[in-house]
2 protein chains.
Amino acid sequence: MRMIVEMVSELKAFFHPENVAVVGASKTPSKAGHTVIANMLRMGYQGIVYPVNPKAEEVLGFKAYRTVKEIPGKVELAVIVVPAQVVVDVMRDCAEKGVRAVVIGSGGFSEVDERGAELQDEIIKIAHEAGIRVVGPNTSGIVSTPGNFTTTFFPQEKVRRGYASYVAQTGNFATHTMRWITTAEYFGVSRVIGLGNKCDVDDADAIEYLGEDPETKVIAMYIEGFKNARRFLEVARRVVRKKPIIALKGGRTVAGAQAARSHTASLAGDYAIVDAALRQAGVIRAKKYMDLVNFTKAFSLQPLPKGNRVALVMPSGAMGVITADACESLGLEVAKLSKGALQRLTDISPTWIRMSNPVDIWAAAQIQGVEKAYELGMEALLEDENVDAVIATLMLVEGHSTMDLKFILEMNRKYNKPMLITVTGDKQLFEAAKEELETQGVPVYPPLEAACEALAAMAEYMRFRSRETANE
Amino acid sequence: MRMIVEMVSELKAFFHPENVAVVGASKTPSKAGHTVIANMLRMGYQGIVYPVNPKAEEVLGFKAYRTVKEIPGKVELAVIVVPAQVVVDVMRDCAEKGVRAVVIGSGGFSEVDERGAELQDEIIKIAHEAGIRVVGPNTSGIVSTPGNFTTTFFPQEKVRRGYASYVAQTGNFATHTMRWITTAEYFGVSRVIGLGNKCDVDDADAIEYLGEDPETKVIAMYIEGFKNARRFLEVARRVVRKKPIIALKGGRTVAGAQAARSHTASLAGDYAIVDAALRQAGVIRAKKYMDLVNFTKAFSLQPLPKGNRVALVMPSGAMGVITADACESLGLEVAKLSKGALQRLTDISPTWIRMSNPVDIWAAAQIQGVEKAYELGMEALLEDENVDAVIATLMLVEGHSTMDLKFILEMNRKYNKPMLITVTGDKQLFEAAKEELETQGVPVYPPLEAACEALAAMAEYMRFRSRETANE
């Protein structure tokens, strides 16, 4: 336990540095060494930035220094974006200066050739001797919304603060996929750790840190290979008792494994074995790239379900059939509704329809109006003790069926059961509903199965947790 | 063969009626009998509309008649939206008048109760005796863009004309899912046939008609149960030699089958058996609801691949790994590039990167600029004889990587290989690219696997076709 505490305090500098040296800082807007500082400013970073550049007086308003060593006072974190062959010297400067945390954004190391691998070995040696923790090299690095901080050199807008954290053997989550999240989604992110070549800080360190992090409720990972699979699984097993880990493993097929080898030199390993090990450790295995967004959104916004019994509220019989198929094939149970709930549904519906789950709400909508039918129907289900979660598909069509969605937000505050929403009808109304609901904590998915997949991941995690508790 | 020709000419009235009686026409905008005529007008219907309503003089500018029998001259199609108990009388009027095609939109028949089933039996009897073909009852019915025609009573905008046709045991595709297609997608639709209770025209009739229809290139179906599975499979087998059929079967699980029973009284049957029969008939089995949109889009816009060898152009190594995994698990082969193509890729890239498929285009983008790198890279792949299709993920980020996408449209005209696009980065740039490319024939998908799934469906169809040809 002492080790964990130590490690957590060591890694803190990556997420909440009081000051940061940017080595390779540049006045030229197109350069990485400019963007990284501009990004920090856009994130609202409050610490001191020390641009390091032998030829500049200042960068973006911050006084520049010729070397790390010339910076006055203690430097907590250095972000290095100079060419690979210069990084070794910079590392020596950092060691002398007593810097204890470094993010190396530069590429050109073990991912490229023998010479790069040698440079990387030298960096590791210096780091070990001086007790420097290194993220990278070859990484866009860190995003930390609680620290208003980022080390990415990819143009980044301010990231919404929230409880989802990413650990990835790719820069995507601090670059273009983060752009997708900030422009297409409304859930918040806490930390991103792009591991790069993992010459020091690796997956296991990252999840250990995030496991202790009160700002992280769910951890999503993209993994190609492990530096130390045994240690990772050991840490993962501990962390998932506290919070869910969702992992997408790259290199599950022969073609994927070959691609992973040329991407990160990772040996993918036999996927069946890796998959079994992850499952045993309680890690939720994602199958698709956007699962890392879709699942994370549900976990970070909604409470966990007590079990896997789901009630489905659908605007069409066919959508009921299809979501029931999806839920059952994903391991969810289409809940057998209580008599009380069935009675309430029958009371709001025309006499000719026999209510069951999935609930075809459109008959009730003819009598109650669309909004009232959804409200009364969803309420009956959220109050049914046989129901652990509700998935509702709203039919939103301009001039035909629009709703004031406040009732969903009110139910979300009132009931402690996960509620996931999908929308059919007009795309622009889907987008509007997504913004309104997600910014206030209710996840919204495009039609039709993504919501079922996300809920199934939550139920899988709960199954794991109850098994663990039973074993204790 | 004579039978097919006869059937096709019989069903023509549903899609290209020279005139149409709307029984239950209404002056009240919220009523089905009003919306159905308003929809016809929005679709640009050029034929004569005869509103039938004993109490109205005119509806939406058309002179109204008290009964079908009072309409002067021949009536080609009747759309009936009066209450169930009145439909029998209307059918008798239609029989007397010599109407040979009827769409019954009204519900309240076999889907509701015994009394409804009896009414439906009477309708069938009248139709058989008078030689009337019936679509429905309990259906939003028909959309036909080549006929500028629709029978749906759900508010509908003008539908873009194209080559994708839908046959569904649900009204969704002439109602809210059509709204989704018209507001979120840019591919065109040819015909929609909502089968409803299938008291006469069924799945087999529908695909037989669409099989002969020069306006239909691909048929997408939602099926809960068959009236006559043997006949359907027989017809399907014949049709898929000419054009692909994609089918989503509802009721694949116990929960789904139960829901299907209460939705359309369909006995879902053992899904493994149904699935095997569909596969044997050459039908592509969709797994998710939006597959019916995503697959159909690719089939209707792009040429078929000659084989299953795909080249992947990706802006990140991780996305290369993930799409390679997706492609291989879906039965596609990640193409082994020819020496010539590899050389061309190497020539445009920095020396340190070793090119292979998936192609990490970002290295080349550093030298060539983003647009040029994609253009040269995709061109090399489209000209590689080892490549049957290209999936490219564009990274589009405001102020960082935007492109003039004309080169994609030019390549689309020049090369006869399917090209499917996905986008990572900024959502609004994804939306803009989707509009620009899809309206001109190149399908665009959200990140990341949907494009692989659509291409895999195309390759599956080609495999089936070549097997058939080999057997002939």
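Residues numbered from 1 in each chain as written. Chains lettered and ligands numbered in written order. Predicted model: local features only at pLDDT ≥ 70, side-chain atom pairs only at ≥ 80, totals over all residues.

The next thing to look at is the overall build of chain A. When helices and strands are counted, chain A shows 17 helices and 20 strands. On C-alpha atoms alone, chain A measures out to a radius of gyration of 25 Å, which is about the 23 Å that the 2.2 N^0.38 rule sets for 472 residues. With the C-alpha coordinates aligned to their principal axes, the bounding extent of chain A is approximately 80 × 45 × 40 Å. In chain A, buried positions account for 60% of the 472 residues. Long-range pairs, those at least 24 residues apart, make up 74% of the contacts in chain A between residues at least 6 apart in sequence. (Helix = DSSP H or I, 4+ residues; strand = E, 2+ residues; numbered from the N terminus. Rg over C-alpha atoms; globule rule 2.2 N^0.38 Å. Buried ≥ 20, exposed ≤ 12 C-beta atoms within 10 Å, placed from the backbone. Contact = placed C-beta atoms within 7 Å.)

To continue, consider the domain arrangement of chain A. Where interface size is given, it is often the accessible area lost as the parts come together that is meant. All names here are of chain A. Domain boundaries in chain A define domain 1 (7–298) and domain 2 (304–471). Summarising the inter-unit geometry, the C-alpha centres of domain 1 and domain 2 are found 38 Å apart. With 13 residues of domain 1 at the interface, the matching set in domain 2 holds 18 residues. The element best represented in the side of domain 1 that touches domain 2 is helix 10 (residues 291–301), accounting for 5 residues. When grouped by side-chain class, the residues that make up the side of domain 1 that touches domain 2 number 8 nonpolar, 2 polar and 3 charged. (Domains from an automatic or database assignment. Nonpolar A, V, L, I, M, F, W, Y, C, P; charged D, E, K, R; others polar.)

Glancing now at the interface of chain B and chain A. With 57 residues of chain B at the contact, the number on the chain A side is 57 residues. Of all the elements in the fold, those that place two or more residues in the side of chain B that touches chain A are helix 5 (176–184), helix 8 (254–264), helix 11 (317–329), strand 19 (419–425) and helix 16 (427–438) of chain B. In terms of residues, the side of chain B that touches chain A owes the most to one element, helix 11 of chain B, which gives 10 residues. Across the side of chain B that touches chain A, the residue classes break down as 24 nonpolar, 22 polar and 11 charged.

To continue, consider the relation of the copies chain B and chain A. Least-squares fitting of chain B to chain A yields an RMSD of 0.0 Å, with the superposition described by an axial translation of 0.0 Å and a rotation of 180 degrees. Given the turn and translation reported, the copies of this chain are related as if by a two-fold rotation axis. Measuring from the rotation axis to each C-alpha of chain B, the shortest distance belongs to B:Pro446, at 5.6 Å. Here 100% of the contact residues of chain B are again contact residues in chain A; the copies associate through an equivalent surface. (Least-squares fit on C-alpha atoms with pLDDT ≥ 70 in both.)

Where strands meet in a sheet, backbone hydrogen bonds hold them as pairs that are either parallel or antiparallel. Residues and elements named next belong to chain A. Pairing within the open sheet is mixed, and its 7 strands lie in the order 9-8-11-10-12-13-14. Since the sheet does not close on itself, it has two edges, and those belong to strand 9 (149–150) and strand 14 (284–285), each with one partner. For strand 13 (residues 245–249) and strand 14, the ladder comprises 2 bridges, and the chain directions are parallel. For Ala247, the partnering residue across the bridge sits in strand 14 and is Arg285. In the packing of helix 10 onto the sheet, the strands contacted are strand 10 (161–168), strand 12 (218–223) and strand 13, and the crossing angle to strand 12 comes to about 170 degrees. (Pairing = 2+ DSSP bridges. Axes fitted to C-alpha atoms, helices over the stretch in contact; angles between N-to-C directions.)

So, about the sheet that holds strand 1 (residues 19–23) of chain A. Residue and element names in this part refer to chain A. Read from one edge of the open sheet, 5 strands run 2-1-5-6-7, paired in parallel fashion. The strands lining the two open edges of the sheet, one partner per strand, are strand 2 (48–52) and strand 7 (133–135). In this sheet, neighbouring strand axes are inclined to one another by 20 degrees on average, regardless of whether the strands run parallel or antiparallel. Strands strand 1, strand 5 (77–80) and strand 6 (101–104) of the sheet are contacted by helix 3 (residues 84–97), whose axis makes an angle of about 170 degrees with strand 5.

A few words now on unusual backbone geometry. Residues and elements named next belong to chain A. Of note, the amide linkage connecting Gly136 to Pro137 takes the cis form, showing an omega dihedral of 0 degrees. With respect to the secondary-structure elements, Pro137 resides in the loop between strand 7 and strand 8 (142–144). For the peptide bond that leads from Asn357 to Pro358, omega is 5 degrees, which places it in the cis range. By the secondary structure assignment, Pro358 is in the loop between helix 12 (339–347) and strand 17 (359–360).

Right, let's talk about the confidence of the model for chain A for a bit. Per-chain confidence: chain A averages 95 in pLDDT, with 99% of residues scoring 70 or above. For this predicted complex, the interface confidence reaches an ipTM of 0.96, while the overall pTM sits at 0.97. (pLDDT = per-residue confidence, 0-100.)

A word on helix 8 (residues 254–264) of chain A. Note: α-helices contain 3.6 residues per turn, so residues at a spacing of three or four share the same orientation. Of all 11 residues in helix 8 of chain A, 8 are buried, a share of seventy percent or more. All of the buried residues in helix 8 of chain A are A:Ala255, A:Gly256, A:Ala257, A:Gln258, A:Ala259, A:Ala260, A:His263 and A:Thr264. Here the buried face of helix 8 of chain A lies against helix 11 and strand 16 (333–334) of chain B. Directly beyond the C-terminal end of helix 8 of chain A, a positive phi value near 55 degrees is found at A:Ala265.

All names here are of chain A. What you see with strand 6 is no split at all: Ala101 and Val103 on one side and Val102 and Ile104 on the other are buried throughout. What joins strand 5 to strand 6 is helix 3, and the crossover it makes is right-handed. Pairing analysis gives 3 bridges linking strand 6 to strand 7, with the strands arranged parallel. Note that in strand 7 the partner of Val102 across the bridge is Val134. (Right-handed = clockwise from strand over helix to strand, strands pointing away.)

Another aspect to go through is helix 3 of chain A. Residues and elements named next belong to chain A. With 14 residues, helix 3 should cover 20 Å at 1.5 Å per step; its first-to-last C-alpha distance of 20 Å lies within 8% of that length. Regarding helix 3, the residues found buried are Ala84, Val87, Val90, Met91, Asp93 and Cys94. Projected down its long axis, helix 3 carries its buried residues within an arc of 165 degrees, all on one side. Residues Gln85 and Glu96 are exposed on helix 3 and point more than 90 degrees away from its buried face. (Expected span 1.5 Å × (residues − 1). Arc of directions from axis to C-beta.)

One recurring pattern in soluble globular proteins: nonpolar side chains tend to sit buried together. Judged by nonpolar contacts, the single largest core of 344 residues is most densely connected at A:Leu455 and B:Leu455. Residues contacting A:Leu455, with those up to four places away along its chain left out, are A:Ala298, A:Val310, A:Leu332, A:Ala389, A:Ile391, A:Pro418 and A:Leu420. (Core = buried A, V, L, I, M, F, W, Y, C linked by C-beta atoms within 7 Å.)

In this section: the packing of helix 3 (residues 84–97) of chain B against helix 4 (residues 114–130) of chain B. Residues and elements named next belong to chain B. Packing of helix 3 against helix 4 brings their axes to within 10 Å, and their N-to-C directions diverge by 5 degrees. Here helix 3 lies roughly parallel to helix 4, going by the angle between them. Contact with helix 3, carried on its side by Ala84, Gln85, Val87, Val88, Met91, Arg92 and Ala95, involves Gly116, Leu119, Glu122, Ile123, Ile126, Ala127 and Ala130 of helix 4 and no other residues of that element. Classifying every residue of the contact of helix 3 with helix 4 gives 10 nonpolar, 2 polar and 2 charged. (Parallel < 35°, antiparallel > 145°, perpendicular 65-115°, else oblique.)

To continue, consider the environment of B:Arg191. Residues and elements named next belong to chain B. Residue position: Arg191 is located in strand 11 (residues 189–194). You can call Arg191 buried: it has 26 C-beta atoms within 10 Å. Sequence spacing of Arg191 and Arg161 is 30 residues, and the spatial spacing of their C-alpha atoms is 9.1 Å. Setting aside chain neighbours within four positions, we find Arg191 in contact with Phe15, Val143, Ser144, Ser165, Leu210, Asp213 and Thr216.

Here the focus is the pairing of strand 5 (residues 77–80) of chain B. Residues and elements named next belong to chain B. Covered by surrounding structure in strand 5 are Leu77 and Val79 together with Ala78 and Ile80, the residues of both alternating faces. Across 4 bridges, the pairing between strand 1 (residues 19–23) and strand 5 is parallel. In the strand pairing of strand 5, Ala21 is matched with Ala78.

Relative to the helices and strands, B:Met319 is located in helix 11. With 25 residues separating them along the chain, B:Met319 and B:Arg344 place their C-alpha atoms 22 Å apart.

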